[in-house]
Amino acid sequence: MNQLDSTDVAILKIMQEDATLSTRQIAQRVGLSPTPVFERIRRMRSEGYIRKISAVLDEEKLGCSFVAFCYIKMKQHTFENASKIMEAVQKIDEIAECYNVSGDYDFLMKVYVSSMKEYQEFVLRILGEIDCIGGLNSCFVMGEVKNTYSIPVRSADR
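Cut-off values and rules
- Residues numbered from 1 in each chain as written.
- Predicted model: local features only at pLDDT ≥ 70, side-chain atom pairs only at ≥ 80, totals over all residues.
- Heavy atoms only, no water.
- Helix = DSSP H or I, 4+ residues; strand = E, 2+ residues; numbered from the N terminus.
- Rg over C-alpha atoms; globule rule 2.2 N^0.38 Å.
- Buried < 20%, exposed > 50% of the residue type's maximum accessible area, 1.4 Å probe, protein only.
- Contact = heavy atoms within 4.5 Å.
- Areas by Shrake-Rupley, 256 points an atom, 1.4 Å probe, with all protein chains shown as cover.
- Lys, Arg positive; Asp, Glu negative; His and termini not counted.
- Charge placed at Lys NZ, Arg CZ, Asp CG, Glu CD.
- Pairing = 2+ DSSP bridges.
- Axes fitted to C-alpha atoms, helices over the stretch in contact; angles between N-to-C directions.
- Salt bridge = Lys/Arg side-chain N within 4 Å of Asp/Glu carboxyl O.
- Phe/Tyr/Trp six-rings, centres within 6.5 Å; stacked < 30°, edge-to-face > 60°.
- Expected span 1.5 Å × (residues − 1).
- Arc of directions from axis to C-beta.

Peer 1: Break down the overall build of the protein for me, with residues and values.
Peer 2: A count of helices and strands for the protein gives 5 helices and 4 strands. Compactness check: the protein gives a C-alpha radius of gyration of 20 Å against a globular reference of 15 Å for 158 residues, more than 25% above the reference. Residues classed as buried in the protein amount to 29% of the 158 residues present. Sequence-distant contacts, at least 24 apart, represent 67% of the contacts inside the protein between residues at least 6 apart. Put simply, the protein shows about 11,000 Å² of open surface, and 49% of that area lies on carbon and sulfur atoms. For the protein, the distance from the average site of its 20 positive side-chain charges to the average site of its 22 negative ones is 5 Å.

Peer 1: I'd love a proper account of the sheet that holds strand β2 (residues 95–100), names of residues and values included.
Peer 2: Ordered in space as β2-β3-β1-β4, the 4 strands form an open sheet in which the pairing is antiparallel. Pairing within the sheet leaves two strands with one partner each, and these edge strands are β2 and β4 (133–140). Taking the axes of each pair of neighbouring strands and ignoring which way they run, one obtains an average angle of 20° across the sheet. Contacting β1 (66–74), β2, β3 (107–113) and β4, helix α4 (residues 79–90) crosses the sheet at an angle of about 20° to β3.

Peer 1: Got a sec to walk through the pattern of salt bridges? Specific residues and values, please.
Peer 2: Evaluated as defined, the whole model comprises 9 salt bridges. Lys 91 is paired through a salt bridge with Glu 87; the nearest N and O atoms lie 3.7 Å apart. Each member of the pair, Lys 91 as well as Glu 87, carries the same accessibility label: exposed. Notably, a salt bridge pairs Glu 97 with Lys 110, separated by 3.9 Å at the nearest N-O pair. Separated by 13 residues along the polypeptide, Glu 97 in strand β2 and Lys 110 in strand β3 bring together distant segments of the chain.

Peer 1: Give me the packing of aromatic side chains: which residues, what numbers.
Peer 2: Tallied over the full model, the rule gives 5 aromatic pairs. Measuring from ring centre to ring centre gives 5.4 Å for Phe 66 and Phe 140, while their planes differ by 45°; the resulting arrangement is tilted. Here Phe 66, found in strand β1, pairs with Phe 140, found in strand β4; they are 74 residues apart in sequence, far enough to count as distant. We classify Phe 140 as partly exposed; its relative accessible area is 35%. Taking the centre distance of 5.4 Å and the plane angle of 85° together, the rings of Tyr 119 and Phe 140 count as edge-to-face. Placement of Tyr 119 in helix α5 (residues 116–126) and of Phe 140 in strand β4 is noted, with a sequence separation of 21 residues between them. On the basis of relative accessibility, which here comes to 4%, the residue Tyr 119 falls in the buried class. Taken together, the aromatic side chains of Phe 66, Tyr 119, Phe 122 and Phe 140 make up a single cluster linked through ring pairs.

Peer 1: Go over helix α3 (residues 34–46) with me, naming the residues and quoting the values.
Peer 2: With 13 residues, α3 ought to run about 18 Å at 1.5 Å a step, and its terminal C-alpha atoms sit 18 Å apart, in line with that. Inspection of α3 places Val 37, Arg 40, Ile 41 and Met 44 among the buried residues, and these make up the whole buried set. The buried side chains of α3 occupy one side of the element, clustering within an arc of 95° when seen end-on. Away from its buried face, by an angle of more than 90 degrees, α3 presents the exposed residues Thr 35 and Ser 46. Contacts made by the buried residues of α3 are with α1 (6–17) and α2 (23–30).

Pasting the structure below:
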């Protein structure tokens, strides 16, 4: 993969803020014509810097404003159990994010539901059906302090 220069970084930062901008609008912001900006975006997509472009939805308007972080512990640390959990998670819509983590637990999941009652049903009816889960611990979001959906982008010349 090529290194990113300062113009590539500027383009990526702009796209992270608002991916609906046209190539022409991005070009105006970085001081280039649309064609080289289009080529840079195409290159960064093909090189994997841009994995996908998606919309950020409003969880309250969609009735999913109850957010829980669920820590999962496997019954036994085996490749088979880890694989079962990772495969099951892919099919569960309420789980927006899942990470295999170190420490006291094996997985951390971000779960969106409508209420505490729905979360209870989710734990019992959905996670409870995954037989290799040995335990779980939950914490609930009381308020969002920061959520940028962005990652830090740096150029090679920094």
